[in-house]
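In case you want the letters, here they are:
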Amino acid sequence: MIVGMAFFDFPNPVNEYAARSTAGLVVILAIVAIVVNHPIVYALLALGFLLRVMAGPKLSPFGQLSVRVIAPKIWRKSKLVPGPPKRFAQAIGLAFSTTALVLSLLGYGLAAQIVVGLLIVAALLESVFGFCLGCVIFGFLQQRGVIPEDVCEACNNIWLRNPEQAPAETH
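The text that follows walks through the structure, step by step, so that each part is easy to find. (Residues numbered from 1 in each chain as written. Predicted model: local features only at pLDDT ≥ 70, side-chain atom pairs only at ≥ 80, totals over all residues. Heavy atoms only, no water.)

Within the element layout of this structure, Glu 16 appears in helix α1 (residues 16–36). By relative accessible area, Glu 16 is classed as buried at 5%. (Helix = DSSP H or I, 4+ residues; strand = E, 2+ residues; numbered from the N terminus. Buried < 20%, exposed > 50% of the residue type's maximum accessible area, 1.4 Å probe, protein only.)

Turning our eyes to something else, we now look at the environment of Gly 48. Among the structural elements, Gly 48 can be located in helix α2 (residues 39–55). Taking the C-alpha atoms as reference, Gly 48 lies 9.3 Å from Gln 90; in sequence the two are 42 residues apart.

Turning our attention to the nonpolar core. In this structure, Tyr 42, Leu 45, Phe 49, Ala 100 and Val 116 are the most contacted members of the largest nonpolar core, which totals 21 residues. Those elements that provide at least two residues to this core are α1, α2, α4 (83–105) and α5 (109–129). In this view, Ala 100 contacts Tyr 42, Ala 112, Val 115 and Val 116; residues no more than four positions away in its chain are not counted. (Core = buried A, V, L, I, M, F, W, Y, C linked by side-chain atoms within 4.5 Å. Contact = heavy atoms within 4.5 Å.)

Turning our attention to helix α6 (residues 133–143). All buried positions along α6 are accounted for by Gly 134, Cys 135, Val 136, Phe 138, Gly 139 and Gln 142. Contact partners of the buried residues in α6: α4. In the stretch just after α6, Gly 145 is the one whose phi turns positive, near 80°.

Further remarks concern unusual backbone geometry. A negative phi angle is the norm for most residues apart from glycine, just as the trans form is the norm for most peptide bonds. In this chain, Asn 12 is followed by Pro 13 through a cis amide linkage whose omega measures 10°. Among the structural elements, Pro 13 can be located in the segment before β1 (14–15).

Moving on, we get to a nonpolar patch on the surface. A cluster of nonpolar side chains, Leu 124, Val 128, Phe 129, Phe 131, Leu 133 and Ile 137, forms an exposed patch at the surface whose accessible area comes to about 530 Å². If you list the elements that add at least two residues to the nonpolar patch, you get α5 and α6. A per-element tally of the nonpolar patch places α5 first, with three residues. Mapped onto the secondary structure, Val 128 falls in helix α5. We classify Val 128 as partly exposed; its relative accessible area is 47%. (Patch = residues over 30% accessible without salt bridge, like charges linked within 9 Å, V, L, I, M, F, W, Y side chains within 5 Å. Areas by Shrake-Rupley, 256 points an atom, 1.4 Å probe, with all protein chains shown as cover. Salt bridge = Lys/Arg side-chain N within 4 Å of Asp/Glu carboxyl O.)

What follows concerns α1. Here α1 is 21 residues long and its end C-alpha atoms lie 30 Å apart, about the 30 Å a rise of 1.5 Å per residue gives. Along α1, 15 of the 21 residues are buried, which leaves the element largely enclosed by surrounding structure. A side-chain oxygen of the first residue of α1 lies 2.9 Å from the backbone nitrogen of Tyr 17; this N-cap is Asn 15. In the segment just after α1, Asn 37 is the residue with positive phi, at about 50°. (Expected span 1.5 Å × (residues − 1). Polar contact = N/O pair within 3.5 Å; in protein donor to acceptor, adjacent residues only side chain to side chain.)

What follows covers the packing of α4 against α6. The N-to-C vectors of α4 and α6 enclose an angle of 115°; their axes lie 8 Å apart at closest approach. With respect to α6, the element α4 is oriented roughly perpendicular. The chirality of how α4 crosses α6 is right-handed. Contact with α4, carried on its side by Pro 84, Pro 85, Lys 86, Phe 88, Ala 89 and Ile 92, involves Gly 134, Cys 135, Ile 137, Phe 138 and Leu 141 of α6 and no other residues of that element. Within the contact of α4 with α6, the residues separate by chemical class into nine nonpolar, one polar and one charged. (Axes fitted to C-alpha atoms, helices over the stretch in contact; angles between N-to-C directions. Parallel < 35°, antiparallel > 145°, perpendicular 65-115°, else oblique. Left-handed = near helix turned anticlockwise from the far one by under 90°. Nonpolar A, V, L, I, M, F, W, Y, C, P; charged D, E, K, R; others polar.)

Okay, structure coming up:
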């Protein structure tokens, strides 16, 4: 391994409650982005996703706030879930927020607001209900062989497979 590359590793497993807390913070910033409708706010949203894709909560102010303050004080417990689907979900958020930023820079503010509105829906599902849309997409892609099983052996069937389809050792 290259020295320093571990710094950019995404955690595996991830505390589900910290992830949900981060999603809640994303919802707040995304609402601000829609109201303000300015490239700087879209850029902050995209930067947050980029930092979380690169290194999980290590570099992200929202990630640090969630891991160090919100999750321990509000949730007071941990629920560990596989990291790769969460990183994939962050990458989808990065794609959406970057798209909104580019649209805003090109003068298509309403289109940027619509894209961020879709991002809000996904982040609300995660934050309020613990339903990670990106994780479901990850599982779907893994089932179809687009994402190799060895990327996340612990999660290759947790989202979309029926329990009766799972290998016997997972029951």
